[in-house]
Amino acid sequence: MKNGSCRLTTKDFAVLEVMLERRRAFADPMVRMIEEKLSNAGVVPIESVEPDIVTLNSRVVFCVDAGAAETRTLVQNEVRGPVGSSLSVATRRGLCMLGMAQGQTASLEHPDGRRESIRIKAVLYQPEAARRAAEERAAAGGRRPHGLTLVYSADTSIQPLGETAGMRQTERDDDPGPSAA
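What this report covers is the structure whose coordinates are included nearby. (Residues numbered from 1 in each chain as written. Predicted model: local features only at pLDDT ≥ 70, side-chain atom pairs only at ≥ 80, totals over all residues. Heavy atoms only, no water.)

## Some remarks on the overall build of the protein
- Helix and strand counts for the protein come out as 4 helices and 7 strands.
- N-terminal to C-terminal, the α/β element order of the protein is β-α-α-β-β-β-β-α-β-β-α.
- Scored against the burial criterion, the 181 residues of the protein give a buried share of 34%.
- Partitioning the contacts of the protein with sequence separation of at least 6, the portion at a separation of at least 24 is 56%.
- Approximately 12,000 Å² of the protein is accessible, and the part contributed by carbon and sulfur atoms is 53%. (Helix = DSSP H or I, 4+ residues; strand = E, 2+ residues; numbered from the N terminus. Buried < 20%, exposed > 50% of the residue type's maximum accessible area, 1.4 Å probe, protein only. Contact = heavy atoms within 4.5 Å. Areas by Shrake-Rupley, 256 points an atom, 1.4 Å probe, with all protein chains shown as cover.)

Below you can see the structure in the form of structure tokens.
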């Protein structure tokens, strides 16, 4: 795998390190590819990764060789959902794309010697960039980053759901049972 420049977030780098250790135990053929990715990567803090870099959970448009553009979400593990909507970083293509920038092309070699070229056409969504944008909007408007707004405040005499009332003392020890309301 040749990756001109590869930029991994500290989180993505840590995920690959764990993946490498697990795969080394089983003499997995992807060990060499993971080692190469880790050794050639520039590591950046999560909060300062550029928005056009492919990170875990990014939605990416890419082409393989001269084929049609495909759109996938790069995930750590295959997830339940529509077939073909995600691409695991545990696959050769997924691992190759992790850390690439929009417009970048990388060459990937398969175990049978076959080569293919992967080009990142667009990073449609990157979780780190989305988080920063939400925080900036919140700071500008004085709202919380999660986007929730308090629309009703209950009377303080109403107890929160699940909270039990204080114990009530009675003079009799027997339970009168439920009241007939």
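## Considerations on the nonpolar core
- Grouped together as the largest cluster of nonpolar side chains are 31 residues, with contacts concentrated most on Leu-8, Leu-16, Phe-62, Leu-95, Met-97 and Ile-120.
- Within the residue set of this core, elements represented by two or more residues are strand E1 (6-9), helix H1 (10-24), helix H2 (31-40), strand E3 (59-64), helix H3 (92-97), strand E6 (105-109) and strand E7 (115-125).
- The element that contributes the greatest number of residues to this core is H1, accounting for 5 residues.
- Sequence-distant contacts of Leu-16, defined by excluding residues within four places in its chain, comprise Leu-8, Ile-34, Lys-37, Leu-38, Val-89, Leu-95 and Leu-98. (Core = buried A, V, L, I, M, F, W, Y, C linked by side-chain atoms within 4.5 Å.)

## Describing the pairing of E7
- Pairing geometry for E3 and E7, over 6 bridges, is antiparallel. If you follow Val-64 over to E7, its bridge partner there is Ile-118.
- Looking at chain direction, E6 and E7 are connected through 5 bridges and run antiparallel. Note on E7: the bridge partner recorded for Leu-108 is Glu-116.
- Joining the antiparallel neighbours E6 and E7 is a turn of 5 residues, in which Gly-113 adopts a positive phi near 90 degrees. (Pairing = 2+ DSSP bridges.)

## Here we look at the side chain of Glu-116
- Position of Glu-116 relative to the elements: it lies in strand E7.
- Residue Glu-116 is classed as buried on the basis of its relative accessible area of 4%.
- There is a polar contact of 3.3 Å between the side chain of Glu-116 and the side chain of His-110.
- Among all residues touching Glu-116, those that are not within four sequence positions of it are Val-64, Asp-65, Arg-93, Ala-106, Ser-107, Leu-108 and His-110. (Polar contact = N/O pair within 3.5 Å; in protein donor to acceptor, adjacent residues only side chain to side chain.)

## What about H2?
- Those residues of H2 not exposed but buried are Val-31, Met-33, Ile-34, Lys-37 and Leu-38. All buried residues of H2 project into a common sector of 165 degrees when viewed along the axis, lining one side. Within H2, the exposed residues directed more than 90 degrees away from the buried face are Arg-32 and Ser-39.
- Those residues of H2 hidden inside the fold are in contact with E1, H1, strand E2 (41-44), H3 and E6. (Arc of directions from axis to C-beta.)

## A closer look at the side chain of Asp-12
- Residue placement: Asp-12 occurs in helix H1.
- The side chain of Asp-12 sits in the buried core without any salt bridge; Lys-11 is the nearest counter-charge, 5.0 Å away.
- The residues touching Asp-12, leaving out its near neighbours within four places in the chain, are Thr-55, Leu-56 and Leu-98. (Lys, Arg positive; Asp, Glu negative; His and termini not counted. Salt bridge = Lys/Arg side-chain N within 4 Å of Asp/Glu carboxyl O.)

## Some words on the sheet that holds E7
- The 5 strands are arranged E5-E4-E3-E7-E6 in an open sheet whose pairing can be described as mixed. Among the strands making up the open sheet, the edge pair consists of strand E5 (86-88) and E6. Adjacent strand axes in the sheet meet at a mean angle of 45 degrees, parallel and antiparallel pairs treated alike. (Axes fitted to C-alpha atoms, helices over the stretch in contact; angles between N-to-C directions.)

That's the geometry; what it means functionally is another story.
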